[in-house]
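Listed below, chain by chain, are the residues.
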Amino acid sequence: MSLNDQVSAERLHIGFFGLRNAGKSSLVNAVTGQNLAVVSEIKGTTTDPVKKAMELLPLGPVVIIDTPGIDDEGALGELRVKRAKQVLNYADIAVLVVDAGKGLQQADQELIGLFQAKNINYIVAYNKSDLLAEFPAPNEHEIYVSAEKKTNIYELKEMIGRLARQEENKKRIVADLLSPKDFVVLVVPIDSAAPKGRLILPQQQTIRDTLEAGAIPVVTRESELSRTLSGLKNKPRLVITDSQAFERVSKDTPEDIPLTSFSILFARYKGNLSSLVCGASALDRLKEGDTVLISEGCTHHRQCGDIGTVKLPNWIRGYTGKNLNYEFTSGTEFPEDLSPYALVIHCGGCMQNEREMKSRIRHSSDCQVPMTNYGTAISKMHGILERALAPFSDELEF
């Protein structure tokens, strides 16, 4: 991926929902101008959410999600409905596709209730309107369309575009902390877990945001940090480190140079930092035999010395002195029942959009289980949390 590409987590997520055979997949294809979804007269053709990152005019970069019918039946159907509803955890805009000839059904009304409860901007698209002799004037949330005849497809995209402008994220990863010509040192460990030939996503995005601020990013390994700092004519405005190198980087960075981590920056960027800092205090309350859930938002091949499955448990054991149990999830896996856990420690969430991260934090709160993230937990266990938060301590709310 180049530095100019917009990653899925930064794209607007548009979910298409509705009953089986309302024409969701046909409407997705009409809106995207592609055969993105399989279309069939057989009910339940869409069995799993289908996601596609693409450019959609006039919206720009988006992720389109076609979901299974919300009225699917049987044991397998229940699983499909569950997966369709999970999309609500990360959909920024919802398009409810309704068969215009049948009108809103009870399941449609329940979906609208979920959109409202989750504060998701939504549109009700009455499909197959070409089969109607006439139809009532739609309200501000509604539009009559025909996927087959391509009626009002442009107007539907314009409606989505207006909602998209309300969802625009004006926050920055680090640029708002910088001035033009500031030096920013980024500490990037190169070990067996580092992807061959490239930087990981948070590092790429932070470099890009630094450049857009007119500042000067300097990238180094933790083993060369001291030499890097001594070689700079001007003191850097900020040092940003990968969380796993926090302890060494803190020792090698003079106290008068602000220090934080990529993980903490991304928690701030997505509006989750205050709650994750509060969650880190649960490390002091862990008891012998408690279970900690360590969750990563992406899926990758775990290497020897993996931060989530190896390093974090070792640090927690050293910090607490307790024998604890650990469970691990990755990707879209995130348990509905969090009651078995005393603490959830999540990765930086670079692959999740803001809505999904907040949904996971809210779900943990509803289950009365504290949640923190890698960078916050690691800095606390190394006694440097206060220092890691200092660059934006005035923004935190407790």
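Residues numbered from 1 in each chain as written. Predicted model: local features only at pLDDT ≥ 70, side-chain atom pairs only at ≥ 80, totals over all residues. Heavy atoms only, no water.

(A) Broad picture of the pattern of salt bridges. By the definition in use, this model includes 18 salt bridges. The partner of arginine 221 in a salt bridge is glutamate 224, with the nearest N and O atoms 2.8 Å apart. By relative accessible area, which is 41% here, arginine 221 ends up partly exposed. (Salt bridge = Lys/Arg side-chain N within 4 Å of Asp/Glu carboxyl O. Buried < 20%, exposed > 50% of the residue type's maximum accessible area, 1.4 Å probe, protein only.)

(B) Expanded view of the sheet that holds strand β1 (residues 12-18). The strand order across the open sheet built from six strands is β2-β3-β1-β4-β5-β6, with neighbouring strands paired in mixed fashion. The sheet is open, and its two borders are formed by β2 (50-56) and β6 (142-144), each paired with just one other strand. Geometrically, the sheet is characterised by an average inter-axis angle of 25° between neighbouring strands, direction not taken into account. Its contacts with the sheet place helix α3 (residues 106-117) against β1, β4 (93-99) and β5 (121-127), and it is angled at close to 170° to β4. (Pairing = 2+ DSSP bridges. Helix = DSSP H or I, 4+ residues; strand = E, 2+ residues; numbered from the N terminus. Axes fitted to C-alpha atoms, helices over the stretch in contact; angles between N-to-C directions. Contact = heavy atoms within 4.5 Å.)

(C) The packing of aromatic side chains, seen in detail. Throughout the structure, instances matching the rule amount to five aromatic pairs. Seen in terms of ring centroids, tyrosine 126 and tyrosine 144 are 4.7 Å apart; in terms of plane orientation they differ by 15°. Their pairing is stacked. With tyrosine 126 in strand β5 and tyrosine 144 in strand β6, the pair connects residues that are 18 residues apart, well separated along the chain. In this pair, the class of tyrosine 126 matches that of tyrosine 144, namely buried. Grouped by ring-pair contacts, the aromatic residues Phe17, Phe115 and Tyr122 constitute a single cluster. (Phe/Tyr/Trp six-rings, centres within 6.5 Å; stacked < 30°, edge-to-face > 60°.)

(D) Representation of the sheet that holds strand β10 (residues 259-261) in the model. Spatial ordering of the open sheet is given by β8-β7-β9-β10, a layout of four strands whose pairing is parallel. Strands with a single pairing partner mark the edges of an open sheet, and in this sheet they are β8 (216-220) and β10. Geometrically, the sheet is characterised by an average inter-axis angle of 25° between neighbouring strands, direction not taken into account. Both strand β7 (residues 183-187) and β8 contribute to a ladder of five bridges, which runs parallel. If you follow phenylalanine 183 over to β8, its bridge partner there is isoleucine 216.

(E) View of helix α9 (residues 273-280). Across the eight residues that make up α9, a large majority, six, are buried. Those residues of α9 that sit buried are Leu273, Ser274, Leu276, Val277, Gly279 and Ala280.

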